[in-house]
Amino acid sequence: MRSVWAIALLSLRTAVRSRVVIGLLSILVLGVIGIPLTVKSDGTLAGYVQILVRYTLGFAMGVLLLATVWAGCAAVASEIQRKQIHLLVTKPVSGAQLWLGKWLGLVILNTLVLAVCALVTYGLLRWNTRAGQLNAADAQKLAGEIMVARARVPPAPFAVEQRVKERFAELQQRGELPTNMPPTAIYQALFTAAQVETHTVAPGGKITWRFALPAACERAPAFQLRYNLAAALQAPLNIRGRWVVRRERGGEACEIAADHPAQGQHSLTVPGTALAGEGALLVEYANVNQEGLSLLFDTQTGLTMLVPVGGWLSNYLRALLISDCLLALVAALSITAGSLFSLPVAAFVVFQLLIMFSTAGMIHSLATREAGFVAALPDMVRTTGWLSEAVSGFYRGLEVLIMPMQNDDPLAMVATGEWIAWPVVAWTFAKQIVVTSGLLLLVAVAALRRRELALPTE
Amino acid sequence: MPVVEARAVTKVFRDFWRRPKVRAVDGISFEVRRGEVFGLLGPNGSGKSTTLKMILGLLHPTRGQLAVLGRSPREVRAKARVGYLPEESYLYPYLTPDETLDFYGRLFDLNAQERKQRTAQLLEMLGLQHARHRTVGEFSKGMARRIGLAQALINDPDLVVLDEPTSGLDPLGCRQVKDLILTLAKRGKTILVSSHQLADVEDVCDRVAILYSGRIQAMGSVQSLLEDTHQCRVTFPDLPAASMARLLAAFRDALGTEPGIEHPRRDLEQFFLDVVEKARRAGGESSGAAPTQGVAAYLKTPARPEDALQQLLPQAAAAPAGAPPTATPEAQAAALREADEKLQQLLKPGSGT
Ligand SMILES: Nc1ncnc2c1ncn2[C@@H]1O[C@H](COP(=O)(O)OP(=O)(O)OP(=O)(O)O)[C@@H](O)[C@H]1O
Ligand SMILES: [Mg+2]
């Protein structure tokens, strides 16, 4: 352990004494202070918090990621290049100790720098929203809606699977299945139809959702219900409805009238007092329009309940921890790359991997969000031959490897007051540090054992 | 068990496509025994450094077997008892000598107190204590070399591998390093040096192997390799002309030819050392490495102050250069016993190495 610390401290010392790191820190400080001053927000308080937390800290993360790739690749590669490794590996230091020392040094440095940036950001946020700086309405909004940590609870999905299956079997029996569509596409179409059906409220009709609330929100002062109506509805008039919210186990109900245009996202505040105690909520919407109008709730983003479950500051801390895990993972990847290749090659490989990482995520989300794409994908592949089959197979392989690594941008979540649970932090730590970095360590150790470290690198 | 054992070791360097490029070492076999100073001698590019790097696990032999202290050189455990000075100083330029030695001491798992003590002693021994707060990057080549030597000794190793230890050193430093090597050898340490400075090798090595294009051309004890049994040299003080004439006449009678006569010359090394010593006495200041005497105390056997080894340095400085170390078999055996004691002490749990 003494060797690991010695190497970690040496890396820190290298960093502190190298001009590159000093330059980097200046860029960071300039950015963290400069971005909120120069970037214009939409003028709202929420917009300001977004800029500060999401973009400013996001910028710091970006700079740190780049620096980590560079420093990580250089950690072992440049020691080999400058032959300083000759004096390291002729001491009783194993490959694993060398790797861990380098990694720990980078992780400590990243954590320190990120912590400084986070503190400055938080300080700016508090200073610019200090008492006397905001009007009463804004101050209330800040405390109640912005600097909060709210869980996003979706309603229990309507059970449409069964209905779709029955309908499919019925069509099949009657021989009415369209012959020009592959079965997956037919199924998909039937599924969409069933979803639309369950999300539609006829005039005078009702629709009820069930929300299972987390136990943590027992004493929450208020919940917020967000909903979207299908945007295709271009009614020039206001939509009128009546919401009734009650606990599943019975008790007081709370009634709220809604009267607004169809477009956009709507939200209403449900007082928590009436509903205190754990359990599930039943939310009912009654269509009370006079004009005989049917309403369709968006099938994907129809309803969400935002439930306050904790403080903003601890949420911020968790977001930072998750960000730090990402930096540590990139450090591990870079150090391993630097143990396998010379410096420019290693940096190139890491950037390639990071690019693949992000495009795989994009393709995955395209594939899952666009239902039609999913349905069409196997078909497309089948008709265009082995090459695209290979490509899509490759990407699916990547998805299996990479998707578990992806998580929602924690800074975006904390900026919009979305709750990040501790298990998410633990899960991120487990998969990015324990498993992936552990595997990367093993790869590096095997490489260092095989390599003749006195050979010159080109 | 020999400390280093090489059996038919070959090293072929390959290019990117794994085609053989250079056969740097070609089937060499030798062994280095415990307590001896073994020299690898050879012209530039003869494979000395390549051999040493294989012994340290920095390169892997293409063919043949290597064992260091009974283990494969690639094993981590074997390295705790080895010290290595590479052919050039590969130090971290932004560290001071203190920090450098402290760092390498930590890699040997020495505790803070030991590191501090040894660092101070080594810096004093190598004449760098006044430069201990400057960074190594700004050191002259010879000063950096001294730091390299210090890091090779920080763990009080059993086997010291020195790749051209005197390169870049001033004559004073060369002399000091040679004396150091002799001292370490007397303490039971095994030393493997490479050099193309013939005088250096002759001064310190018990046995040498002469390498040329990767092969051992000659190997044996320095004494046996250099002794010319067909000639004798007689040395006596300058005599009055008459006595001299008589002596010469006697030689002429016995030999039947004229004997060769000349005044013995001091060699340049000794002369240089005398000049520097005089200048130092006169109070000259230098920002470089300071001339020093003595050996770091932790490298000694503290229980025996009367140890002849301790006086070795001053003695050696007074003796004419080039005189091979003479030792009777009894004295050698005693030295070996001493060395064993020292080894046992070092290996005692808690001694830190
Ligand atoms: N990495 C390498 N790739 C190719 N050839 C090499 C490599 N390292 C050494 N050589 C070659 O191996 C031979 C032996 O080199 P080595 O460094 O062992 O010589 P040396 O005896 O130490 O010489 P010097 O006295 O100059 O230090 C040389 O011909 C050298 O060019
Ligand atoms: Mg050499």
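Residues numbered from 1 in each chain as written. Chains lettered and ligands numbered in written order. Predicted model: local features only at pLDDT ≥ 70, side-chain atom pairs only at ≥ 80, totals over all residues. Heavy atoms only, no water.

**Q** In this structure, what is going on with the overall build of chain B? I would like to understand it.
**A** Each helix and strand counted, chain B has eleven helices and nine strands in total. Counting all 353 residues of chain B, 47% fall into the buried class. The contacts in chain B between residues at least 6 apart in sequence include a share of 71% that link residues at least 24 apart. (Helix = DSSP H or I, 4+ residues; strand = E, 2+ residues; numbered from the N terminus. Buried < 20%, exposed > 50% of the residue type's maximum accessible area, 1.4 Å probe, protein only. Contact = heavy atoms within 4.5 Å.)

**Q** Would you explain the coordination of the magnesium ion (ligand 2) in this entry?
**A** Each donor-metal-donor angle in an ideal tetrahedron of four donors is 109.5 degrees, and each such angle in an ideal octahedron of six donors is either 90 or 180 degrees. Donor atoms from the polypeptide that bind the magnesium ion (ligand 2) are Ser49(B) (OG) and Glu87(B) (OE), placed at 1.9 to 2.7 Å. You can see Ser49(B) sitting in helix H1 (residues 48-55) and its partner Glu87(B) sitting in the loop between strand S5 (82-85) and helix H2 (97-107), a full 38 residues away along the chain. (Donors = N, O, S within 2.8 Å, 3.2 Å for Na, K, Ca; no water.)

**Q** When you look at the sheet that holds strand S10 (residues 303-310) of chain A in this model, what are you seeing that I'm missing?
**A** The pairing of strands in a sheet comes from backbone hydrogen bonds and takes either a parallel or an antiparallel form. Residues and elements named next belong to chain A. Spatially, S1-S10-S4-S7 is the arrangement adopted by the four strands of the open sheet, whose pairing is antiparallel. The open sheet is flanked by strand S1 (149-153) and strand S7 (265-271), the only strands paired with a single partner. When strand polarity is set aside, the average angle formed by the axes of neighbouring strands in this sheet is 30°. (Pairing = 2+ DSSP bridges. Axes fitted to C-alpha atoms, helices over the stretch in contact; angles between N-to-C directions.)

**Q** Help me out: how do you make sense of the packing of aromatic side chains in this one?
**A** Centre-to-centre distance and the angle between the planes together describe a pair of aromatic rings. Per the stated rule, a full pass over the model turns up 18 aromatic pairs over all chains. Summarising the aromatic geometry, the rings of Phe16(B) and Trp17(B) are spaced 4.9 Å apart at their centres and angled 90° between planes, so their arrangement reads as edge-to-face. Each of the two residues, Phe16(B) as well as Trp17(B), counts as exposed. Aromatic side chains Phe30(B) and Phe38(B) sit 5.4 Å apart centroid to centroid with 10° between the ring planes, which places their arrangement in the stacked category. Looking at Arg130(A), its charged tip hangs above the ring of Trp127(A), at a distance of 3.7 Å from the centre. Here Lys11(B) stacks its cationic end above the ring of Phe13(B), 5.6 Å away from the centre of that ring. (Phe/Tyr/Trp six-rings, centres within 6.5 Å; stacked < 30°, edge-to-face > 60°. Lys NZ or Arg CZ within 6 Å of the ring centre and 35° of its normal.)

**Q** Would you mind going over the interface of chain B and chain A with me for this structure?
**A** One frequently used descriptor of interface size is the decrease in accessible area upon assembly of the parts. Taken together, the 30 residues of chain B in the interface contact 29 residues of chain A. When chain B packs against chain A, close to 2,800 Å² is buried across both sides, 64% of that on carbon and sulfur atoms. Looking only at chain B, the three residues that lose the most surface to chain A are Leu58(B), Tyr90(B) and Leu107(B), adding up to 25% of its buried area. In this structure, the connection of chain B to chain A is made through four salt bridges. (Buried area = accessible area lost by both parts, 1.4 Å probe. Salt bridge = Lys/Arg side-chain N within 4 Å of Asp/Glu carboxyl O.)

**Q** Could you clarify how one ought to interpret the sheet that holds strand S4 (residues 63-68) of chain B in this entry?
**A** Residue and element names in this part refer to chain B. Read across the sheet, three strands follow the order S2-S1-S4 without closing on themselves; strand pairing throughout is antiparallel. Lying at the two open borders of the sheet, with one neighbouring strand each, are strand S2 (20-32) and S4. Strand after strand, the sheet turns through a mean of 25° between neighbouring axes, direction not considered. Its contacts with the sheet place H1 against strand S1 (4-14), S2 and S4, and it is angled at close to 65° to S2.

**Q** Even after reading the chapter, I still don't get the environment of Leu37(A), so can you show me in this structure?
**A** Residue and element names in this part refer to chain A. Summarising the element assignment, Leu37 is placed in helix H2 (residues 19-38). According to the relative accessible area criterion, Leu37 is exposed, its value standing at 63%. For Leu37 and Pro214, which are 177 residues apart along the polypeptide, the C-alpha to C-alpha distance reads 39 Å.

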